[in-house]
Amino acid sequence: MPTTTLHIRRGGPGEAPRHDVFELSFEPGESVLDALRRLRIGTDPTLAFRYACLNANACKECMMLLDGKVIYACTARLEARDMRLDPLPNKTLLRDLATVIAPPDERLD
Amino acid sequence: MRNSAIPASNQPRHFTADVLIIGAGAAGMYAAIEAARQGAGSVLLLDRSLIGRGGATVMAQMTVAAAVGPDDDWRHHLADTLAAGRGLCDPALAALLCEVGAECILEMDRWKVGWARAGTGFASVQAPGHDRARCVYVDFLSTGPAVSKALRAQVQRVGDAIRRIGEMLVTDLVVQDGRVTGAVALHVASGAPLTIAAPTTIIATGGLTRLYARNSASANMSGDGYALAMRAGATLLDMEFVQFFPIGHLAPRLIGMDPIMWDPFRYKLGGRLLNGAMQEFVERWGGDAENGTYSTTRDLATHAIIKEVEAGHGSPNGGAWLSFTHVPAAELRAAFGPVIDKLAANGIDLTRDCIEVSPIAHYHMGGVRVDTAMRTDVPGLLCAGEAVGGANGANRLSGNAITEALAFGRLAGAEAARQAAEGAPAFDVAAARPALALLAAEGPAQNTAALVARLQHIMAADVGPFRTAAGLARAAAALAALREEIGTAPPGTPGLAHDLVRLDWLDLRQMLLVAKSVVLAATARTESRGAHQREDFPEMSPSWERNLPLRLRAGVPELA
């Protein structure tokens, strides 16, 4: 099985930004979201990201940056190389890869 | 565990509403619209994910059953629904599903959902178990998202009477003198606890598919509505009836698509279900030969695939092959347009490649017991949508889930508005204290994501479509050990933004109670009926033609 190296931005607002590095093998065809969910189960359950539907590209919650470009984690495929994941830059950061994406009138405040 | 007391100066934020609705899928959104239309001045619509984007509705890429054709009548739809339910449907609820559901489909048309047209009416297909073409759809696998979008737009048109807040996980209902007076919630984005006072609360949280490793709904279908209702004193019924969708996608890895996407392909194009040796097999396990059509009901097809795999004739990844290779490319393109391109992006060419499919947890027939106004046994608590038990009996007819969500949402919304006008006892924050203490508690670190995965594998291994007394006992013991392991307090500290570790723990607390209820009911029902198949009791027994009610006693689910 091929191996990917994910460099994942960690931390919340006000924390010094850092990228944690995770290596994992994958089946060709698997998505970035597949990898993130697997990392939570096997390696680090504290990794924060958003998703509701499972790889159906229906909820549109899993938007993030892959190598600086906006992607859906559920449709971006894993590749056997270094891949850098960052939260959306124009949204308020919650933690790690999760940002505030709800429309303003559907938030608590 | 350390229970931090809540200082008086730091009381959680408090909301009040006439009607509180938990869950913003089709049932919750329709309930909100109807409650406001019937005069509720303040409706609070919450969802643990984003409004209108989580749950099962948005994942329903297929068809909706409703008697809206010129030669149809809701009574025909009812007859098919009752037959599919194998004697266990609540006929009054099933009738409401069929009759009110058809009205909702027409109203949704006025709300511009975009049902596909044929001639002067709606285009429709005949799904298995229906006596005629009765299933409307929005084309190219976008029915669920279109339903969600149309309802969300309608909710917005209602205006200020409906306040929508996403990322709110309701962890407990507040009960005073046997009546639900509100709820305690965790705002997931900030980690802050909240209290909500409402004379009427509607549970519209959907089903329990997340209890299974392979499932076709969103990651948030944890059965939490069942747990909320049970902890508040409501009765559940028929928890043993989990519907498995027979032809969930198995291989090759397919992304950006709903795993039950092959259903509409089969409606439109037939297709052939084949074993590992590329032979048709459904008739060997009690089905009729399909001859390129789609006619086998869900429970029979699930049975046939699992038995064929057990007999050593499965496809390489342990399922069956589904083939459309006999369908000309132009016909595939005409039926599914852009979907063909999405498949190509996944490396799948249906004129050349078969795909592998196998049963996948899809829907739950059981749920909260309600009357025809969607009232539970607990005053102040209503229920709507898939969370309701009884309308679909032992096996749900294809296409009835969205119809049920719409119809029951509308009924619950109307009843909630009526009850809200009568008022309710004042909310007493003391009744919310235990639930708030749980959200303030700080337990030891745990990999709760792995524990959720373990629960899913326990359920998939021994509480899937085929059950035995030994397997169910094994599952009960494994679940009890897991319950012991998670302890009594969520790991980490409260107040962390988007803390998935604590969120998973709070979900596990509910999932374990619901899983235990499923195992309890499945163990008790010593027969095979619809979606509940006991290998040690393979026959359907007339003495079991009854529902299995279940309640919480001293914190433990018991058969009533």
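Conventions adopted
Residue numbers run consecutively from 1 along every chain, following the written order of its sequence. Think of it this way: whatever chain is written first is A, whatever ligand is written first is 1, and the rest follow in order. In keeping with the model being predicted, local features are shown solely for residues with a pLDDT of at least 70 and side-chain atom pairs are shown and tallied solely at 80 or more, while totals for entire chains, interfaces and linings include all residues. Domain limits in this description derive from either an automatic procedure or a database domain assignment. Any two residues are considered in contact once their C-beta atoms, placed from the backbone, lie within 7 Å. In this text, helices come from DSSP runs of H or I with a minimum length of four residues, and strands from runs of E with a minimum of two, each type numbered from the N-terminal end. Three classes are used, and their members are as follows: Ala, Val, Leu, Ile, Met, Phe, Trp, Tyr, Cys and Pro are nonpolar, Asp, Glu, Lys and Arg are charged, and the others, Gly among them, are polar. The pairing criterion is simple: DSSP has to find at least two bridges between the two strands. Each axis is a line fitted through C-alpha atoms, taken for helices only over the stretch in contact, and angles between the N-to-C directions span 0 to 180 degrees. Under the convention used throughout, the expected extent of a helix is 1.5 Å for every residue step, that is, one less than its residue count. Buried residues are those with 20 or more other C-beta atoms within 10 Å of their own C-beta, exposed residues have 12 or fewer, and partly exposed residues lie in between; C-beta atoms are placed from the backbone. For our purposes the nonpolar core covers buried Ala, Val, Leu, Ile, Met, Phe, Trp, Tyr and Cys residues that link as a set through C-beta atoms within 7 Å. Angle categories are assigned with fixed cut-offs, so that under 35 degrees is roughly parallel, over 145 is roughly antiparallel, 65 to 115 is roughly perpendicular, and the rest are oblique. Per-residue confidence from the predictor is reported as pLDDT, a score between 0 and 100. Definitions for this section: a left-handed crossing has its near helix turned counterclockwise from the far helix by less than a right angle. A right-handed crossing has that turn clockwise.

> Give me the lowdown on the domain arrangement of chain B, citing residues and values where you can.
Residue and element names in this part refer to chain B. The domain architecture assigned to chain B consists of domain 1 (245–360) and domain 2 (434–547). A C-alpha centroid distance of 30 Å is found between domain 1 and domain 2. Contact with domain 1, which involves five residues of that partner, is made by five residues of domain 2. For the side of domain 1 that touches domain 2, the leading source of residues is helix 7 (residues 298–310), giving four residues. A breakdown of the residues in the side of domain 1 that touches domain 2 according to their chemical character gives two nonpolar, two polar and one charged.

> Please set out the sheet that holds strand 19 (residues 367–368) of chain B residue by residue, giving values where relevant.
Residues and elements named next belong to chain B. One open sheet accounts for four strands, arranged 19-14-24-25; its pairing is antiparallel. A single partner strand is all that each edge strand has here, and the edge strands are strand 19 and strand 25 (556–559). Examined bridge by bridge, strand 14 (residues 236–237) and strand 24 (residues 549–553) share two bridges and lie antiparallel to one another. Counted as the bridge partner of L237 is P549 from strand 24. Those strands touched by helix 13 (residues 500–524) are strand 14, strand 24 and strand 25, and its axis lies near 25° from that of strand 25.

> Describe the sheet that holds strand 18 (residues 355–364) of chain B, listing the residues and the values that go with them.
Pairing between sheet strands relies on hydrogen bonds along the backbone, with the strands arranged either parallel or antiparallel. All names here are of chain B. One open sheet accounts for four strands, arranged 15-18-17-16; its pairing is antiparallel. Across the chains shown, the open sheet's two edge strands, defined by having one partner strand only, are strand 15 (242–251) and strand 16 (272–274). Each adjacent strand pair in this sheet contributes to an overall mean axis angle of 45°, direction not counted. Note: strand 15 against strand 18, seven bridges, orientation antiparallel. Residue F245 lies in a different strand from strand 18, and its bridge partner there is I360. Packing of helix 7 onto the sheet brings it into contact with strand 15, strand 17 (320–323) and strand 18, and relative to strand 15 it is tilted by some 55°.

> Got a sec to walk through helix 1 (residues 26–37) of chain B? Specific residues and values, please.
Residues and elements named next belong to chain B. Compared with an ideal rise of 1.5 Å per residue, which puts twelve residues at 16 Å, helix 1 spans 16 Å between its outermost C-alpha atoms and is within 8% of the ideal. With eleven of its twelve residues buried, helix 1 lies for the most part within the structure. Listed as buried for helix 1 are A26, A27, G28, M29, Y30, A31, A32, I33, E34, A35 and A36. At the C-terminal side of helix 1, G39 shows a positive phi close to 110°.

> Tell me what's going on with the nonpolar core, and back it up with residues and numbers.
Residue and element names in this part refer to chain B. V19, I21, I202, C383 and A384 are the most contacted members of the largest nonpolar core, which totals 228 residues. For this core, the element with the highest residue contribution is helix 13, accounting for 16 residues. For I202, the residues in contact, after removing those within four places along its chain, are V19, I21, I22, A31, L382, C383, A384, A412 and A416.

> Give me the lowdown on helix 6 (residues 262–269) of chain B, citing residues and values where you can.
All names here are of chain B. Of all the eight residues making up helix 6, six are buried; the element is thus mostly covered by neighbouring parts of the structure. Those residues of helix 6 that sit buried are W262, D263, P264, F265, R266 and Y267. Looking at the buried positions of helix 6, the neighbouring elements they touch are strand 15, strand 17, helix 8 (329–345) and strand 18. Remark: G270 follows helix 6 within two positions and exhibits a positive phi of approximately 80°.

> For the packing of helix 5 (residues 224–231) of chain B against helix 13 of chain B, give the residues involved together with the corresponding values.
Residues and elements named next belong to chain B. Packing of helix 5 against helix 13 brings their axes to within 8 Å, and their N-to-C directions diverge by 75°. As far as their axial angle goes, helix 13 and helix 5 are roughly perpendicular. Facing D224, Y226, A227 and M230 of helix 5, the residues of helix 13 in contact are D507, Q510, L513 and V514.

> Outline the interface of chain B and chain A, listing residues and values.
Taken together, the contact pairs 34 residues of chain B with 31 residues of chain A. Those elements that place two or more of their residues in the side of chain B that touches chain A are strand 9 (162–165), helix 11 (448–462) and helix 13 of chain B. In terms of residues, the side of chain B that touches chain A owes the most to one element, helix 11 of chain B, which gives four residues. Here the residues of the side of chain B that touches chain A are counted per class, giving 17 nonpolar, twelve polar and five charged.

> Which residues make up the environment of V64 of chain B, and what values go with them?
All names here are of chain B. With respect to the secondary-structure elements, V64 resides in strand 5 (residues 64–65). For V64, a count of 32 C-beta atoms within 10 Å translates into the label buried. Between the C-alpha atom of V64 and that of R134, which follows or precedes it by 70 residues, the distance is 8.0 Å. Here V64 is in contact with I105, C135, V136, Y137, T143, G399, I402 and T403, once residues within four sequence places are set aside.

> If you had to explain the environment of P28 of chain A to someone new, which residues and values would you point to?
Residues and elements named next belong to chain A. When you line up the elements, P28 lands in the loop between strand 2 (18–25) and helix 1 (32–42). P28 gets classed as partly exposed once you count the C-beta atoms within 10 Å, which come to 13. Each C-alpha atom of the pair P28 and L97 lies 24 Å from the other, and the pair is 69 residues apart in sequence.

> Let's hear about the confidence of the model for chain B: which residues, and what values?
Keep in mind that low pLDDT regions are not for reading the predicted coordinates in detail. All names here are of chain B. Considering every residue of chain B, the mean pLDDT works out to 93; 98% of them sit at 70 or more. With pLDDT under 50 throughout, residues 1–9 is counted as low confidence; its partners more than four residues away or in other chains account for 15 contacts. The ipTM value of the predicted complex is 0.97, and its pTM value is 0.95.

> Give me the packing of helix 12 (residues 469–486) of chain B against helix 13 of chain B: which residues, what numbers.
Residues and elements named next belong to chain B. Packing of helix 12 against helix 13 leaves a shortest axis separation of 10 Å and a crossing angle of 155°. Judged by the angle between their axes, helix 12 and helix 13 are roughly antiparallel. Between helix 12 and helix 13 lies a crossing of left-handed hand. Contacts between helix 12 and helix 13 involve A469, L472, A475, A476, L479, L482, R483 and I486 from the former and W505, L508, L512, A515, K516, V519, A522 and T523 from the latter.

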